[in-house]
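Here is how the chains run, residue by residue.
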Amino acid sequence: MSSNIVTLAVDGDVAVVTVDNPPVNTITAGVREGLFAAVADIRARSGLRAVVLVCEGSTFFSGADIGEFSGPPKEAEYRDLFRQIEQLSMPVVAGMHGVVLGGGLEISLACHYRVAAPGTRFGLPEVTLGIIPGAGGTQRMPRLIGVEKTLDFIIAARPVDVATGVAMGFIDAEVPGHVRAAAIAYARQLLQDGAGPRRTSDRGVDPATATPAIIEKLTAQAKRQYPNRQAALTAIKAVSAAATLPFEAGLLYETELANGAKVTDESKALVHVFFAERDTRKVPGLPADAKARIIASGGVVGAGTMGGGIAICFANAGLPVTVLDTTQETLDRGLAVIGKTYDSMVKRGRLTEDEKVKRLALIRGTLSYADLAAADLVIEAVFESMELKGKIFRALDEVAKPGAVLATNTSTLDIAEIAATTRRPEDVVGLHFFSPANVMPLLEVVRTDSTAPAVIKTALNLAKSLRKTPVLARVCYGFIGNRMMEGYAREAERMTLEGATPRQVDDALEAWGMAMGILAVFDMAGIDVGVNVHRANADRYPPDPSYYQADFALHAAGRLGQKNGKGYYKYLPGDRARHDDPEAIQILADTAKRLGLPQRRHSADEIVERCVYPLINEGIRILEEGIALRASDVDVVWCAGYGFPRYRGGPLFYADAIGLKTVYDGMLKYRDQFGPMHWDPAPLLTRLVTEGRTLSDWDQARS
Ligand code: NAD
């Protein structure tokens, strides 16, 4: 038997089944078909005494085919295939390498023995997609390691290494050398030792690992780790059933629960974000002959908060980077912060001392522009001033080599205007990192009308090297993310002037799923930072006397946020916990009085609607104006950069999920209450509602 994807070779009396389905050996329909055929072939042959299952390429099976989730259920097919593998009459050894996740790990559990190359990692991350292991994992894993450990593993959803797999009891051995040869040798040793098949399904589950106290503890853990979500709780049901149900009945119960999980809003949203993140690199209309430039070294102008973080990103990716600042003192300060960031990574066990030294050696400080002459890409991250940035881009234009990409990290300035200060506007692009730049995954890539296609491709590739999720935007004030933030934050602030306390506002947003309430975010970022931006851009804002007045009032009272221990909340030294502060609440009440705003109570629903509807509405305007390429890109920006709950799929997926008509009606409801200044539905929202279409339809029509 032989197919392109699955081949069967015979090595003496050992059948070696090899799967080669690049890039990561996903268990697609073709793989399953090939494996069915391989099993039949093995059964039909005589003289075989053992089977080895291995994969070619970078990894053993990396998982099931997520693209199949939306189609007809495949569980019965998986069940049948894995049963046939497990029922083979001779020992079956899985020889693993790479990153073995989900269905990839489950197939190994249906094999009789499991060995792995050094460096292999294993995980059951299904709950991060809102589903549960559905290919026997919830029934076989507890037969190997018990219910408690299985659920710890599934709920944590974090891959473990070989040593941990061996210690937990689902991996038999780490094997040195090439995994195919090692697995064959392992199989031969089994034969020599007289070992036969060892079927996981024949084992029982230790009831001591599934006591009510354990299940209760795990349930509490799942609710804590996944608030508002079901998948981990469903996994608890499935895995704990292994302790009471016979194996086959357990598998059927798993299928029932897995299919139920796949159609939840939670799962649809998480799968949407999963694919949305992969789609952001697809840019329609870029000519195929525009080739991305190679970025082998970087430069950063400005060694402050962002410049330092960006330099760390480069060094973490193994790219040498030169950081320039104006004075030795500011440069040294910046380099010292970089050093401290690495120290704390070492302290937290994220990095070895050796690795730290290597990465630091890639970062070089300078006061001279001449040292940026060789850089393939230079990112400017100095104070937010057009005059200053213009000066810097003129200097870069003088020294940078031809073909170097010149990028700016500006948050608010017109990048086309910055580009126009150079003789090479086609090489200029916005690379908007988020703070802390070395941690936050989002990178807005902002193109002007002049940015060359090759430069856009280069920026998207660079994002990959820096392990960032890029989203392409066009120039507008605030780009995608911060522009949408405007209405969201405006309403949160405004409600504190209508009598809601900062805690009520933040609690409602957090209970709904935002990673952090926006007022706590302001305290963390610095209230002065927001006030400065608003002052510098006062001419852009609508004539609303209450506009961002909470921020201004707190700032005027010397409340800068966490940095001086008081903002919307009070903070105690050495502690980031928020404490309600009657003084802040009084300042907000006094401001409301001055503005003549009546005081009242707000329900959690109102707080969420008033923050999230404007967010959605602005996202739709951004789409309509072509600032973002697609609705799913807007979702990625908010999930990757602003703590929007992935299990709600991003603001625009969420809008489709609750119905665009609901959002539209909500906008009108608040327009009646507060007037049209902030509450006019976006024209595209109105149009889609009238036509009965969704944002997903809108995306599809454009893809
Ligand atoms: P920062 O004040 O921490 O750092 C600015 C650095 O630039 C300082 O080290 C300063 O000495 C240096 N500098 C000033 N003039 C210079 C010159 N002529 N040549 C070289 N260096 C010079 O500022 P930041 O927070 O890192 O912000 C930098 C840029 O990034 C701004 O455009 C800002 O809007 C943008 N940004 C900031 C954030 C954030 O959260 N802080 C997020 C995204 C983007």
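Here the structure is a predicted model, which means the values were calculated and not measured.

The next subject is the pairing of strand 1 (residues 6-11). Judged from the six bridges that link them, strand 1 and strand 2 (residues 14-19) form a sheet pairing that is antiparallel. Opposite Val6, over in strand 2, you have Val19 as the bridge partner.

Ordered in space as 7-9-10, the three strands form an open sheet in which the pairing is mixed. Each end of this open sheet is capped by a strand with a single partner; those strands are strand 7 (99-101) and strand 10 (160-161). Strand contacts of helix 3 (residues 103-110): strand 7 and strand 9 (121-123), with the helix running at about 80 degrees to strand 7, the strand carrying the most contacts.

Quick look at the pattern of salt bridges now. Considering all chains together, one arrives at 51 salt bridges under this definition. Put simply, Glu355 and Lys358 hold a salt bridge, and the shortest N to O gap is 3.9 Å. Within this pair, Glu355 and its partner Lys358 are both found in helix 14 (residues 353-361), separated by three residues, close to a single helical turn. With relative accessibility at 25%, the residue Glu355 sits in the partly exposed group. Lys358 sits in the exposed class, given a relative accessible area of 55%. Between Glu384 and Lys389 there is a salt bridge; the shortest N-O distance is 3.2 Å. The exposure class assigned to Lys389 is buried, which follows from its relative accessible area of 1%.

Another point: unusual backbone geometry. In this model, Pro22 is joined to Pro23 through a cis peptide bond whose omega is 5 degrees. Inspection of the secondary structure puts Pro23 in the loop between strand 2 and strand 3 (26-27). Of note, the bond from Ser435 into Pro436 is cis; its omega dihedral lies within 30 degrees of zero at -5 degrees. Looking at the secondary structure, you find Pro436 in the loop between strand 17 (428-433) and strand 18 (442-447). Not every positive phi belongs to a glycine, and Asn25 is a case in point at roughly 50 degrees. If you trace the backbone, Asn25 turns up in the loop between strand 2 and strand 3.

One pass over the full model with this rule turns up 15 aromatic pairs. Between the aromatic rings of Tyr488 and Trp638, the centroid separation amounts to 5.5 Å while the plane-to-plane angle is 75 degrees, which identifies the pairing as edge-to-face. On the criterion of sequence distance, the pair formed by Tyr488 in helix 18 (residues 481-497) and Trp638 in helix 25 (residues 631-641) is long-range, its members being 150 residues apart. Like Tyr488, the residue Trp638 is buried in the burial classification. Summarising the aromatic geometry, the rings of Tyr670 and Phe674 are spaced 6.3 Å apart at their centres and angled 20 degrees between planes, so their arrangement reads as stacked.

Glancing now at the site of the ligand. Around the ligand, a shell composed of 23 residues is seen, among which Thr305, Met306, Asp325, Glu384 and Lys389 lie nearest. Contact distances for the ligand include 2.9 Å between an oxygen atom and a backbone N or O atom of Thr305. Met306 is positioned such that a nitrogen or oxygen atom in its backbone is 2.7 Å from an oxygen atom of the ligand. Sorting the residues of the shell around the ligand by element identifies helix 12 (305-316), helix 15 (386-399) and strand 17 as the ones contributing at least two each. In terms of residue count, helix 15 provides more of the shell around the ligand than any other element does, three residues in total.

Right, let's talk about the side chain of Ser546 for a bit. Tracing the chain through its elements places Ser546 in the loop between helix 21 (527-536) and helix 22 (549-556). A polar contact is formed between the side chain of Ser546 and the side chain of Arg494, at a distance of 3.1 Å. If we skip the residues at most four places from it in the chain, Ser546 touches Arg494, Leu497, Leu595 and Leu597.

All right, on to the packing of helix 12 against helix 13 (residues 328-347) then. Helix packing geometry: the angle between the two helix axes and the distance between the axes. Interaxial distance between helix 12 and helix 13 falls to 10 Å at its minimum, and their mutual angle equals 55 degrees. Accordingly, the angle class assigned to the pair helix 12 and helix 13 is oblique. Note that helix 12 runs across helix 13; the crossing there is right-handed. Contact residues: helix 12 offers Gly308, Ala311, Ile312, Ala315 and Asn316, while helix 13 offers Ile338, Thr341, Tyr342 and Met345. Across the contact of helix 12 with helix 13, the residue classes tally to six nonpolar, three polar and no charged.

Before going further, it helps to spend a moment on the sheet that holds strand 2. On the basis of which strands lie adjacent, the open sheet formed by six strands has the order 1-2-4-6-8-11 and mixed pairing. The open sheet has two edge strands, strand 1 and strand 11 (173-174), and neither has a second partner. As judged from the two bridges shared by strand 8 (residues 113-116) and strand 11, these two strands associate in the parallel manner. Bridge pairing links Val115 to Ala173 in strand 11.

Taken N-terminus to C-terminus, the directions of helix 4 (residues 137-145) and helix 5 (residues 147-156) make an angle of 125 degrees; their axes are 7 Å apart at the nearest point. Accordingly, the angle class assigned to the pair helix 4 and helix 5 is oblique. Along this stretch, helix 4 crosses helix 5, giving a crossing that reads as right-handed. Touching Met141, Pro142 and Ile145 of helix 4 are Val147, Lys149, Thr150 and Phe153, all from helix 5. The class makeup of the residues in the contact of helix 4 with helix 5 is five nonpolar, one polar and one charged.

What counts and how
Residues numbered from 1 in each chain as written. Predicted model: local features only at pLDDT ≥ 70, side-chain atom pairs only at ≥ 80, totals over all residues. Heavy atoms only, no water. Pairing = 2+ DSSP bridges. Helix = DSSP H or I, 4+ residues; strand = E, 2+ residues; numbered from the N terminus. Contact = heavy atoms within 4.5 Å. Axes fitted to C-alpha atoms, helices over the stretch in contact; angles between N-to-C directions. Salt bridge = Lys/Arg side-chain N within 4 Å of Asp/Glu carboxyl O. Buried < 20%, exposed > 50% of the residue type's maximum accessible area, 1.4 Å probe, protein only. Phe/Tyr/Trp six-rings, centres within 6.5 Å; stacked < 30°, edge-to-face > 60°. Near = heavy atom within 4 Å. Polar contact = N/O pair within 3.5 Å; in protein donor to acceptor, adjacent residues only side chain to side chain. Parallel < 35°, antiparallel > 145°, perpendicular 65-115°, else oblique. Left-handed = near helix turned anticlockwise from the far one by under 90°. Nonpolar A, V, L, I, M, F, W, Y, C, P; charged D, E, K, R; others polar.

Don't take any of this as a statement about function, it's just geometry.
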